[in-house]
Amino acid sequence: MEDEDYRGASYVYGWSFYSQGVTEQTRASADAFFNDCLNWCGHGGKPPDSQVEKGKLLARILGPKRALLLLDGLEPLQYPPGPMCGRLKDQAMAVLLKGLSRSFAGLCVITSRCEVEEIKTTKGRTTFTCDLENLDEEAGKRLLESYGTKGPERELRDASNEFKGHALGLHLLGSYLKTVHQGDIRKRDTIAKLTTEEKYGGHAKRVMESYELWFKKENKPEPAVLYLLGLFDKPAETEAIEVLKKKPPIPGLTGGLTDMTRDNWQRILSHLRELRLISQSGPSGLDCHPLVREHFGEKLMRDNPGAWKEAHRRLYEYYKNLPEKELPDTLEEMEPLFAAVRHGCLAGKHQEVLDDVFWERIRRKNEHYINSKLGAFGANLSCLSYFFEIPWRKPAPGLTEHDKAVVLNWAGFALRALGRIGEAL
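What this report covers is the structure whose coordinates are included nearby. Predicted, not measured: the structure shown is a model, and the values here were computed from it. (Residues numbered from 1 in each chain as written. Predicted model: local features only at pLDDT ≥ 70, side-chain atom pairs only at ≥ 80, totals over all residues. Heavy atoms only, no water.)

1. Things to note about the pattern of salt bridges
Then comes step 1: Taken as a whole and assessed by the stated rule, the structure comprises 39 salt bridges.
Then comes step 2: When salt bridges with common partners are traced through the structure, they connect Glu-137, Glu-138, Arg-142, Glu-153, Arg-154, Arg-157 and Asp-158 into a single cluster. (Salt bridge = Lys/Arg side-chain N within 4 Å of Asp/Glu carboxyl O.)

Listed below in structure tokens is the structure:
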């Protein structure tokens, strides 16, 4: 579209909320989006503290503009499959989208696994849904062929149907067959049977398990890299990966990586890119599809809990010491501390993280800085979720009885501020 001067759009803005999945603990929040988008639109000063007013303000500014607004991967801000599937957890975003659906001179494009419940009332008038969940038989066949998969046309069509047109699953299947079986579509019967929910990635996980078995059979180090990426909920910075690769090696995880030459490391990354299991994230980071990250992270946690905890402990130490200021002032400056909370809690250090990072540096004790100065109730709630075993009912067992009550209180306040009254109760 850029080559066509964005087809008449006077403003073009894109933002991705997608990280690891649709659970609460993804640190996805709309606070940074609203701060950045309001600034981009020319709004000076501090955004309103009220979630409703924040959403109304941005809708009012964007409304008359011929703008293209791209909101990618909205599902971390939505309730996952269940009774409230698709409803927005973030009140400011709900208000914004309702406002734009009523009056907007431009176009807002949203991608998500779940339809947005709040704008269903305008469906067919100002809101339109395009279901991209599955490919049809012909499109699935062509996708497999594009990866060099060969065989009788009927077999290719059958494979497309067996994977129910799941795009990522077929994407990985084609790459796997080309690499392991010279593209022979008839060899797909070597892939393990589907064991998890199809709609949210079961077909893709099925291929990833086969890749993992093949790597181990060939004694290749690629799985270790995928396990490392599974520790993150966003693209992994090169510096953070290097922290994990340092000596002493993490047993059962980085033993083959600590002494690896730079050339060999780059060869492994190139191979994983060719297999479409990872991608480059800017000049200094690695990323992969959230389902890939989710699969290998869960596998490491289940099969090697000691390595899982030690890796997160190293990342916790790295991120808590990363900010230049002991007390960061903005959401962007606080981002390493948010990461430190996540990794520290996943390492089992709930009490230390609550005392040294969240209370002292994010909340700034009784100053309530993240709420009162930044108005970042969503980011605050995402951090608090890591201090729970079951959000928002059962605090983590590593906390004192007093602090269990405290985090329940804080979470209730943040939920209420975000308009999530039922959960707050």
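2. Some thoughts on a positive patch on the surface
Then comes step 1: A contiguous patch of positive charge on the surface is contributed by Lys-56, Arg-60, Lys-98 and Arg-102.
Then comes step 2: With respect to the helices and strands, the residue Arg-60 is situated in helix α2 (residues 51–62).
Then comes step 3: We classify Arg-60 as exposed; its relative accessible area is 55%. (Patch = residues over 30% accessible without salt bridge, like charges linked within 9 Å, V, L, I, M, F, W, Y side chains within 5 Å. Areas by Shrake-Rupley, 256 points an atom, 1.4 Å probe, with all protein chains shown as cover. Lys, Arg positive; Asp, Glu negative; His and termini not counted. Charge placed at Lys NZ, Arg CZ, Asp CG, Glu CD. Helix = DSSP H or I, 4+ residues; strand = E, 2+ residues; numbered from the N terminus. Buried < 20%, exposed > 50% of the residue type's maximum accessible area, 1.4 Å probe, protein only.)

3. Overview of the nonpolar core
Then comes step 1: Ranked by internal contacts, the top residues of the largest apolar core, which has 90 residues, are Leu-231, Phe-232, Leu-277, Val-341, Ile-362 and Phe-387.
Then comes step 2: For this core, the leading source of residues is helix α13 (residues 331–346), giving 8 residues.
Then comes step 3: Ignoring sequence-local partners within four residues, the contact set of Val-341 consists of Val-353, Val-357, Ile-362, Cys-383, Tyr-386 and Phe-387.
Then comes step 4: Grouped together as the second largest cluster of nonpolar side chains are 28 residues, Ala-30, Ile-61, Leu-74 and Val-116 included. (Core = buried A, V, L, I, M, F, W, Y, C linked by side-chain atoms within 4.5 Å. Contact = heavy atoms within 4.5 Å.)

4. Points about the sheet that holds strand β3 (residues 107–110)
Then comes step 1: Within the open sheet, the 3 strands sit side by side as β1-β2-β3. Their pairing is parallel. The open sheet has two free edges, formed respectively by β1 (11–16) and β3, since each of these has just one partner strand. When strand polarity is set aside, the average angle formed by the axes of neighbouring strands in this sheet is 10 degrees.
Then comes step 2: Here strand β2 (residues 67–72) runs beside β3; their pairing, made up of 4 bridges, is parallel. Among the inter-strand pairings, Leu-69 is bridged to a residue of β3, identified as Cys-108. (Pairing = 2+ DSSP bridges. Axes fitted to C-alpha atoms, helices over the stretch in contact; angles between N-to-C directions.)

5. With respect to the packing of helix α8 (residues 222–229) against helix α10 (residues 262–274)
Then comes step 1: Relative to each other, α8 and α10 sit at 75 degrees, their axes nearing to 10 Å. One finds that α8 runs roughly perpendicular with respect to α10. Facing Glu-222, Val-225 and Leu-226 of α8, the residues of α10 in contact are Trp-265, Ile-268, Leu-269, His-271 and Leu-272.
Then comes step 2: Of the residues that constitute the contact of α8 with α10, the class distribution is 6 nonpolar, 1 polar and 1 charged. (Parallel < 35°, antiparallel > 145°, perpendicular 65-115°, else oblique. Nonpolar A, V, L, I, M, F, W, Y, C, P; charged D, E, K, R; others polar.)

6. Thoughts on the environment of Ala-32
Then comes step 1: Along the chain, Ala-32 turns up in helix α1 (residues 31–40).
Then comes step 2: The class for Ala-32 is partly exposed, based on a relative accessible area of 25%.
Then comes step 3: In this structure, the C-alpha to C-alpha distance between Ala-32 and Ala-379, residues 347 residues apart in sequence, is 8.4 Å.
Then comes step 4: Beyond its immediate chain neighbours, meaning those up to four positions away, Ala-32 contacts Trp-15 and Leu-331.

7. With respect to unusual backbone geometry
Then comes step 1: That bond from Lys-247 to Pro-248 is cis: its omega, -5 degrees, falls within 30 degrees of zero.
Then comes step 2: With omega at -10 degrees, the peptide bond leading from Pro-391 into Trp-392 counts as cis.
Then comes step 3: Within the fold, Trp-392 resides in the loop between β7 (388–390) and β8 (394–395).
Then comes step 4: At Asp-5, a residue that is not glycine, the phi angle is positive and equals roughly 55 degrees.

8. Re the environment of Ala-396
Then comes step 1: Along the polypeptide, Ala-396 turns up in the loop between β8 and α17 (401–417).
Then comes step 2: Along the chain, Ala-396 and Gln-351 lie 45 residues apart, while their C-alpha atoms are 9.2 Å from each other.
Then comes step 3: In contact with Ala-396, not counting residues within four places along its chain, are His-350, Phe-387, Phe-388, Glu-389 and Lys-404.

9. Focus: the packing of aromatic side chains
Then comes step 1: On inspection of all chains with the given rule, the structure shows 18 aromatic pairs.
Then comes step 2: Residues Tyr-13 and Trp-40 carry aromatic rings whose centres are separated by 4.7 Å and whose planes lie at 45 degrees to one another, so their mutual orientation is tilted. Of this pair, Tyr-13 sits in strand β1 while Trp-40 sits in helix α1, and the two are 27 residues apart along the sequence.
Then comes step 3: Of the residues examined, Trp-40 reaches a relative accessible area of 30% and is grouped as partly exposed.
Then comes step 4: Judged by centre distance (5.9 Å) and plane angle (10 degrees), the rings of Trp-359 and Trp-410 are stacked. Highlighted residues: Trp-359 in helix α14 (residues 350–362) and Trp-410 in helix α17, separated in sequence by 51 residues.
Then comes step 5: Residue class for Trp-359 comes out partly exposed when judged on its relative accessible area of 25%. (Phe/Tyr/Trp six-rings, centres within 6.5 Å; stacked < 30°, edge-to-face > 60°.)

10. Here's the deal with a nonpolar patch on the surface
Then comes step 1: Taken together, Leu-70, Leu-107 and Val-109 make up a surface patch of nonpolar side chains, about 220 Å² in accessible area.
Then comes step 2: With respect to the secondary-structure elements, Val-109 resides in strand β3.
Then comes step 3: Of the residues examined, Val-109 reaches a relative accessible area of 33% and is grouped as partly exposed.

11. Re α13
The periodicity of an α-helix, 3.6 residues per turn, causes residues three or four positions apart to be oriented the same way.
Then comes step 1: Taking 1.5 Å of rise per residue, 16 residues should cover 22 Å, and α13 covers 22 Å from first to last C-alpha, within 8% of that figure.
Then comes step 2: With 12 of its 16 residues buried, α13 lies for the most part within the structure.
Then comes step 3: Along α13, the residues that are buried comprise Leu-331, Met-334, Pro-336, Leu-337, Phe-338, Ala-339, Ala-340, Val-341, Arg-342, His-343, Gly-344 and Cys-345.
Then comes step 4: On its buried side, α13 packs onto α1, α12 (305–320), α14, α15 (369–372) and α16 (377–385).
Then comes step 5: At the C-terminal side of α13, Gly-348 shows a positive phi close to 90 degrees. (Expected span 1.5 Å × (residues − 1).)

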